[in-house]
Amino acid sequence: DDGGMDDLFGGGFGEFFRSVFGGEPGGRAQRPSGGGTGDRHATASCSLEDAYRGGPQVLNVGGRELRLTLKPGFKDGHRLKIKGKGAVGPEGSGDLYLSLRVAPHARYERRGDDLYVNQVVDLYTLLLGGELMVDTLSGPVKITVPPETAPDTQLRLRGKGMPVYGQPGQYGALMLTLKLQLPRNLTAREKELLQQLRAMRRPS
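Note that the structure is predicted; figures quoted are calculated from it, not measured. (Residues numbered from 1 in each chain as written. Predicted model: local features only at pLDDT ≥ 70, side-chain atom pairs only at ≥ 80, totals over all residues. Heavy atoms only, no water.)

## Some thoughts on the overall build of the chain
Scanning the chain from N- to C-terminus turns up 4 helices and 13 strands. Sorting the 204 residues of the chain into buried and exposed places 36% on the buried side. Relative to all contacts within the chain whose residues are 6 or more apart in sequence, the contacts with residues 24 or more apart total 54%. With an accessible surface of roughly 12,700 Å², the chain has 48% of that area assigned to carbon and sulfur atoms. (Helix = DSSP H or I, 4+ residues; strand = E, 2+ residues; numbered from the N terminus. Buried < 20%, exposed > 50% of the residue type's maximum accessible area, 1.4 Å probe, protein only. Contact = heavy atoms within 4.5 Å. Areas by Shrake-Rupley, 256 points an atom, 1.4 Å probe, with all protein chains shown as cover.)

Shown next, in the form of structure tokens:
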């Protein structure tokens with residue numbers, strides 16, 4: 001749990017909280033079930049890259065910027081309890097419950113600590129083998145495609161997935177599915193060569 005640290009927020013938090021979570025007109029703060037009278041909750045959106053990196057974050061909460069430090073690898077719906085940072089009630093200051101929403105990524109699909117992605121590969125690389133550059137959240141990596149690799153083959157790249165939350169140095173895998181991209185706009189010569197290859201491969 002990353003909550004409960006007084007140094008997560010800068011100065012002037014009381015004014016910030018009253019304007020965002022307090023009882024001013026238009027406020028939408030809600031009380032978690034079972035919480036104290038001063039407890040409040042809010043949500044903040046993050047990108048998959050934010051969840052991968054962790055560290056200092058600037059999140060938009062109720063139209064205001066909120067600065068805090070997160071451990072890498074947090075998942076969608078991760079909840080932080082920050083003690084004493086709620087509204088001031090009859091029994092003193094309550095707690096702030098902050099839910100982190102990790103937005104879907106345009107390229108990667110996350111399943112636990114593993115990431116899934118499709119990689120387009122040309123016909124010749126699948127047939128003859130070769131090297132392929134693959135983008136990961138930690139940067140591009142070079143992989144070797146074996147000769148005669150079938151389309152939709154899935155490769156497992158260890159350590160190229162998401163960080164395992166709370167376990168520094170541990171990472172999930174990147175599951176890479178190779179998608180065939182057929183050549184287009186063939187020239188007459190290319191078609192001729194393909195016809196010759198087809199004739200050679202036909203059973204006698």
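Moving on from the coordinates now.
## As for the pairing of strand β10 (residues 130–134)
If a strand is regular, its side chains alternate between the two faces of the sheet. Pairing analysis gives 5 bridges linking β10 to strand β11 (residues 141–145), with the strands arranged antiparallel. Residue Gly 130 lies in a different strand from β11, and its bridge partner there is Val 145. Linking two consecutive strands that pair antiparallel, namely β10 and β11, is a turn of 6 residues; a positive phi of about 120° is found at Gly 139 within it. (Pairing = 2+ DSSP bridges.)

## Remarks on the pattern of salt bridges
Inspection of every chain in the model, using the stated rule, returns 8 salt bridges. Two residues, Glu 109 and Arg 111, come together in a salt bridge whose shortest N-O distance is 3.2 Å. For Glu 109, a relative accessible area of 42% corresponds to the partly exposed category. Residue Lys 179 pairs with Asp 152 through a salt bridge whose shortest N-O separation is 2.8 Å. In this pair, Lys 179 is assigned in strand β13 (residues 174–181) and Asp 152 in the loop between β11 and β12 (154–157), connecting sequence segments 27 residues apart. Relative accessible area serves as the criterion here: at 30%, Lys 179 is assigned to the partly exposed category. (Salt bridge = Lys/Arg side-chain N within 4 Å of Asp/Glu carboxyl O.)

## Notes on the nonpolar core
Note that soluble globular proteins tend to have their nonpolar side chains buried in a common cluster. Membership of the largest hydrophobic core comes to 32 residues, with the highest contact counts inside it found for Leu 98, Leu 100, Ile 143 and Leu 178. Ignoring anything within four residues of it in the chain, the contact list for Leu 178 reads Gln 119, Val 121, Leu 126, Leu 132, Val 145, Thr 149, Pro 151, Asp 152, Thr 153 and Leu 155. (Core = buried A, V, L, I, M, F, W, Y, C linked by side-chain atoms within 4.5 Å.)

## A short note on the sheet that holds β13
Strands sit in the order β8-β9-β13-β12 across an open sheet of 4 strands; the sheet is mixed. Unpaired on one side and paired on the other, β8 (109–111) and β12 mark the two borders of the sheet. Taken pair by pair, the neighbouring strands of this sheet meet at an average axis angle of 30°, ignoring direction. Relative to β13, β12 runs antiparallel, the two being bridged by 4 bridges. Each bridged residue has a counterpart across the sheet, and for Arg 156 the counterpart in β13 is Met 175. (Axes fitted to C-alpha atoms, helices over the stretch in contact; angles between N-to-C directions.)

## Some details on the environment of Glu 49
Tracing the backbone through its elements, the reader meets Glu 49 in helix α2 (residues 48–53). Separated by 54 residues in the primary sequence, Glu 49 and Ala 103 have C-alpha atoms spaced 9.8 Å apart. Every residue in contact with Glu 49, bar those within four places of it in the chain, is listed here: His 105 and Leu 137. Within the structure, Glu 49 has its side chain in polar contact with the side chain of His 105 (distance 2.8 Å). (Polar contact = N/O pair within 3.5 Å; in protein donor to acceptor, adjacent residues only side chain to side chain.)

## Focus on unusual backbone geometry
Here the phi dihedral of Glu 148 falls at roughly 55°; this positive angle occurs in a residue that is not glycine. Tracing the backbone through its elements, the reader meets Glu 148 in the loop between β11 and β12. Among the residues examined, Glu 148 registers a relative accessible area of 70% and is labelled exposed. In this structure, Asn 185 is a non-glycine residue whose phi angle is positive, near 55°. When you line up the elements, Asn 185 lands in the loop between β13 and α4 (188–201).

## Examining a nonpolar patch on the surface
A contiguous nonpolar surface patch, about 340 Å² in accessible area, is contributed by Tyr 124, Leu 127 and Leu 128. Summarising the element assignment, Leu 128 is placed in helix α3 (residues 123–128). (Patch = residues over 30% accessible without salt bridge, like charges linked within 9 Å, V, L, I, M, F, W, Y side chains within 5 Å.)

Everything listed is a geometric property; what it means functionally is a separate question.
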